[in-house]
Amino acid sequence: MTNVTISPGVLDISAISSTVQDYLLLIYVMERDGEPIVGSRLAELLGVTPPTVTNTLKRMTRDGLITMSQEGTHLTPQGWTAARTIMTRHMLMEWMMIQTLPWSKLHGEAHHLEHAISAMTESALMEQLGRPQTCPHGNPLPGCEQAVAHWKPLTEIEAGRRVTIRRIHELAEENAALLEFLEKHRLMPSATATVSEILPFNQTITLDVDGQLVTLGNAVAKYIFVEVHP
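Residues numbered from 1 in each chain as written. Predicted model: local features only at pLDDT ≥ 70, side-chain atom pairs only at ≥ 80, totals over all residues. Heavy atoms only, no water.

Let us look at the packing of aromatic side chains. One pass over the structure, following the stated rule, counts one aromatic pair. Ring centres 5.1 Å apart and planes at 50 degrees place the aromatic pair Tyr 28 and Trp 80 in the tilted group. Of this pair, Tyr 28 sits in helix H1 (residues 18-32) while Trp 80 sits in helix H4 (residues 77-97), and the two are 52 residues apart along the sequence. Overall, the relative accessible area of 0% leaves Tyr 28 in the buried class. (Phe/Tyr/Trp six-rings, centres within 6.5 Å; stacked < 30°, edge-to-face > 60°. Helix = DSSP H or I, 4+ residues; strand = E, 2+ residues; numbered from the N terminus. Buried < 20%, exposed > 50% of the residue type's maximum accessible area, 1.4 Å probe, protein only.)

Right, here's the structure in full:
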């Protein structure tokens, strides 16, 4: 069994492989949002085959990180604690690099660094960065979910409304090309836009961003959360 030691205020995740840590992050996000943990969906997001996912989930079950039954796949308390620690470190790495790398590159680069930092470094960065509640993409650090609770997905906004983009959901962050597209068209947290047109028949939403029209499919728009202007 993986030796994940949980003691007051400290979690040793060094025994968890980087691959399993990546799985824990996605399962954490999906379970947090009430989305079923489906092997095919994990395979799509991770860019691996379904049999690879099946084998990894079996190892995670063996190691006490998840449970699998007819009721679905869920994180154990141990898995949940590990996932929250990894997510926090990932988001702190994004903040650490924000002055160095393009916004669209932060997520991918943080994946390489999140596995390496210690609990001491995590605590130091948290204080140095002012205990942020969200990552640079607007997603909540574990325990700060209420900070984003009132933001709405673009798919729920009426045409003509003025909005401020606040959050690009974690599952959209897995698509590097999408992040580059959003950065190129300035569709990032704190940007303002007007919902110019909604076409239900082809499931698209067009935004006016400082006079530039940008059209998004609903499959993308549902992962962009906004604050609606009065």
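For the rest of this paragraph, the subject is the pairing of strand S7 (residues 192-199). Pairing of strand S6 (residues 162-168) with S7 involves three bridges; the strand directions are antiparallel. Its bridge partner being in S7, Thr 164 is matched across the sheet by Thr 192. In this sheet, strand S8 (residues 204-209) lies alongside S7 in antiparallel orientation, the contact comprising five bridges. Following the sheet pairing, Glu 197 is matched in S8 by Thr 206. In textbook terms, the turn of a hairpin is the stretch between consecutive antiparallel strands, and for S7 and S8 this stretch comprises four residues, one of which, Gln 203, has a positive phi near 55 degrees. (Pairing = 2+ DSSP bridges.)

Parsing the chain into structural domains produces domain 1 (1-136) and domain 2 (152-228). Relative to domain 2, the C-alpha centre of domain 1 lies at a distance of 26 Å. At the junction of the two partners, domain 1 supplies 19 residues and domain 2 supplies 15 residues. Contact between domain 1 and domain 2 buries roughly 1300 Å² in total, counting both sides, with carbon and sulfur atoms accounting for 55%. On the domain 1 side of the interface with domain 2, the three residues burying the most area are Trp 103, Ser 104 and His 107, jointly 43% of the side's total. For the pair domain 1 and domain 2, the number of links is two salt bridges. (Domains from an automatic or database assignment. Contact = heavy atoms within 4.5 Å. Buried area = accessible area lost by both parts, 1.4 Å probe. Salt bridge = Lys/Arg side-chain N within 4 Å of Asp/Glu carboxyl O.)

Glancing now at the nonpolar core. Among the nonpolar cores identified, the biggest contains 60 residues, and Leu 24, Met 60, Leu 154 and Leu 207 are the most heavily contacted of them. The biggest single contributor to this core is H1, with nine residues. Each of two domains, domain 1 (1-136) and domain 2 (152-228), supplies a minimum of three residues to this core. Sequence-distant contacts of Met 60, that is, excluding residues within four places in its chain, are made with Val 20, Tyr 23, Leu 24, Ile 27, Leu 65 and Ile 66. (Core = buried A, V, L, I, M, F, W, Y, C linked by side-chain atoms within 4.5 Å.)

Moving on, we come to the sheet that holds S6. A sheet is described by the order of its strands in space; here six strands give the open sequence S5-S10-S6-S7-S8-S9, paired in antiparallel fashion. Because the sheet does not close on itself, it has two edges, and the strands there are strand S5 (152-153) and strand S9 (212-217). Pairing between S5 and strand S10 (residues 224-228): two bridges, direction antiparallel. By the bridge assignment, Lys 152 is partnered in S10 with Val 226. Running at roughly 155 degrees to S9, helix H8 (residues 176-184) makes contact with S6, S9 and S10 of the sheet. (Axes fitted to C-alpha atoms, helices over the stretch in contact; angles between N-to-C directions.)

Our focus in this paragraph is the pattern of salt bridges. On inspection of all chains with the given rule, the structure shows 11 salt bridges. With its nearest N and O atoms 2.4 Å apart, the salt bridge here joins Arg 131 to Glu 127. Per residue, the accessibility class of Arg 131 equals that of Glu 127, and both read exposed. A salt bridge links Glu 227 to Arg 166; the shortest N-O distance between them is 2.9 Å. A residue pair is termed long-range when its members are at least 10 positions apart, and Glu 227 in strand S10 and Arg 166 in strand S6 qualify at 61 residues. By relative accessible area, which is 30% here, Glu 227 ends up partly exposed. Three or more residues are tied together by salt bridges with common partners; here these are Arg 32, Asp 33, Arg 167 and Glu 170.

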